[in-house]
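Topology and contacts: notes
So you can see what is in the structure, the chains are spelled out below.
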Amino acid sequence: MFDLSSLTEAIINGDRKSASALTQEAVDSKVHPKEILDSLIAGMDDVGGRFQRNEAFVPEMLVSARAMKESMAILEPLLVEAGIHPEFTAVIGTVQGDLHDIGKNLVAMMWKGANFNVIDLGTNVPPDKFVEAAKVHKPQLIGLSALLTTTMPSMKKTIDALREAGIAGAKIVIGGAPITQDFADQVGADGFAPDAASAVEVARKLLSSQ
């Protein structure tokens, strides 16, 4: 019986070479793709938890996310073949006027690591692009990021545009250095994530209530 704990450890340690080799070994050992996926997610959950406790930092999250990405490149065709798809789709982007993407990229990686299908719209995304993406991809989750205080009003414009367009089935989560829970409440967001690890927790909580 293949021991998946070693694969989880490879993800936690950000060991891309071992993660890829162990994923392939698990596949060759006929371990069910869903079990392999669960072990990868467990690794990312561990890193996210340590990040929230200040026991891990952005570089550790990045290397773990990259290890996860390489393992998923091996696993994804088998998941598709087995009919296993991400349960949720998320659209994410940095709002109009803001070109910063490190925080947004981290959240996108953490959501992917939690087995979300993530559509990344990039930076400087106007409200109508979010609306268009929501209509095309029908996500359960929409993430808005901003680093500059001057672009915070763009979050409200985007949320208003989504509401006016009747995008009612998606939960909207916002985050970024200047963002607070009070601001999220003011602009009508469904959730606020102070960091990338929290974004997974917030997303799961919001989506579990649907």
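One can find the structure itself at the top, above this paragraph.
Residues numbered from 1 in each chain as written. Predicted model: local features only at pLDDT ≥ 70, side-chain atom pairs only at ≥ 80, totals over all residues. Heavy atoms only, no water.

Observations regarding the packing of helix α1 (residues 5-13) against helix α2 (residues 16-28)
Selection rule: For helices, the fitted line uses only the C-alpha atoms of the stretch in contact; every axis is such a line through C-alpha atoms, and the angle between N-to-C directions lies from 0 to 180 degrees. Secondary structure elements follow DSSP: runs of H or I of four or more residues count as helices, runs of E of two or more count as strands, with numbering from the N terminus. Should an angle lie under 35 degrees it is considered roughly parallel, over 145 roughly antiparallel, and from 65 to 115 roughly perpendicular; all remaining angles are considered oblique. We call a crossing left-handed when the near helix sits turned anticlockwise from the far one by less than a right angle, and right-handed when that turn is clockwise. By definition, residues are in contact when any of their heavy atoms lie within 4.5 Å. Following the grouping adopted for this structure description, the nonpolar residues are Ala, Val, Leu, Ile, Met, Phe, Trp, Tyr, Cys and Pro, the charged ones are Asp, Glu, Lys and Arg, and the polar ones are all others, Gly among them.
Here α1 crosses α2 at 155°, and the two axes come no closer than 8 Å. Accordingly, the angle class assigned to the pair α1 and α2 is roughly antiparallel. Our pair here, α1 against α2, has a crossing hand that is left-handed. Residue-level contacts link Ser6, Leu7, Ala10 and Ile11 of α1 to Ser18, Ala19, Leu22 and Thr23 of α2. Tallied by class, the residues present in the contact of α1 with α2 amount to five nonpolar, three polar and no charged.

Describing the sheet that holds strand β1 (residues 88-94)
We count it as follows: Two strands pair under a simple rule: DSSP has to find at least two bridges between them.
In space, the five strands of this open sheet follow the order β2-β1-β3-β4-β5, with parallel pairing throughout. Either end of the sheet is taken by a strand with one partner, and the two such strands are β2 (116-120) and β5 (191-192). Pairing geometry for strand β3 (residues 141-145) and strand β4 (residues 171-175), over five bridges, is parallel. Bridging across to β4, glycine 143 finds its partner in valine 173. Along the sheet, helix α7 (residues 152-164) contacts β3 and β4; its crossing angle with β4, the most-contacted strand, is approximately 175°. Strand contacts of helix α9 (residues 196-208): β1, β2, β3, β4 and β5, with the helix running at about 160° to β4, the strand carrying the most contacts.

Some details on the layout of surface pockets
Heads up, the condition is: Here a cavity is any set of points on a 1 Å grid over the protein atoms alone where a 1.4 Å probe fits but cannot get out, and a pocket is any open set with protein on both sides within 12 Å along at least 5 of 7 lines; a residue lines the site when it has an atom within 4 Å of a point. Grid points are joined across faces, edges and corners, and a volume is the space filled by probe spheres set on the points.
Roughly 550 Å³ of volume is contained in the largest pocket. The wall of the largest pocket is formed by 23 residues, among which Lys69, Met72, Glu76, Lys112 and Phe116 lie closest to the centre. Within the residue set of the lining of the largest pocket, elements represented by two or more residues are α4 (58-81), α5 (102-113) and β2. With nine residues, α4 is the single largest residue contributor to the lining of the largest pocket. Looking at the lining of the largest pocket, its residues break down into 13 nonpolar, five polar and five charged. Forming the walls of the second largest pocket are 26 residues, and the residues nearest its centre are Gly103, Lys104, Val107, Ser145 and Gly176. Top element by residues in the lining of the second largest pocket is α5. It accounts for six residues.

Focus on the packing of aromatic side chains
Here is the rule we go by: Pairing of aromatic rings covers Phe, Tyr and Trp, the last counted by its six-membered ring, and requires centre-to-centre distances within 6.5 Å; plane angles under 30 degrees mean stacked, over 60 mean edge-to-face, and any other angle means tilted. Relative accessibility decides the category of a residue: with a 1.4 Å probe and only protein chains considered, values under 20% of the type maximum give buried, values over 50% give exposed, and everything between is partly exposed.
The tally for this structure, following the rule as stated, stands at two aromatic pairs. Here phenylalanine 88 and phenylalanine 116 contribute two aromatic rings whose centre-to-centre distance is 5.8 Å and whose plane-to-plane angle is 65°, an arrangement assigned as edge-to-face. You can see phenylalanine 88 sitting in strand β1 and its partner phenylalanine 116 sitting in strand β2, a full 28 residues away along the chain. Of the two residues, phenylalanine 88 and phenylalanine 116, both sit in the buried class. Of the aromatic side chains, those joined through ring pairs into one cluster are Phe88, Trp111 and Phe116.

Brief notes about the pattern of salt bridges
Where we set the bar: The salt bridge criterion pairs a side-chain nitrogen of Lys or Arg with a carboxyl oxygen of Asp or Glu, the two atoms within 4 Å.
In this structure the tally under the stated criterion is nine salt bridges. Of the charged contacts in the structure, one is a salt bridge between glutamate 70 and arginine 16, with a shortest N-O distance of 3.4 Å. You can see glutamate 70 sitting in helix α4 and its partner arginine 16 sitting in helix α2, a full 54 residues away along the chain. Residue glutamate 70 is classed as partly exposed on the basis of its relative accessible area, which comes to 33%. By relative accessible area, arginine 16 is classed as partly exposed at 42%. The residue aspartate 160 makes a salt bridge to lysine 156 at a minimum N-O spacing of 2.9 Å.

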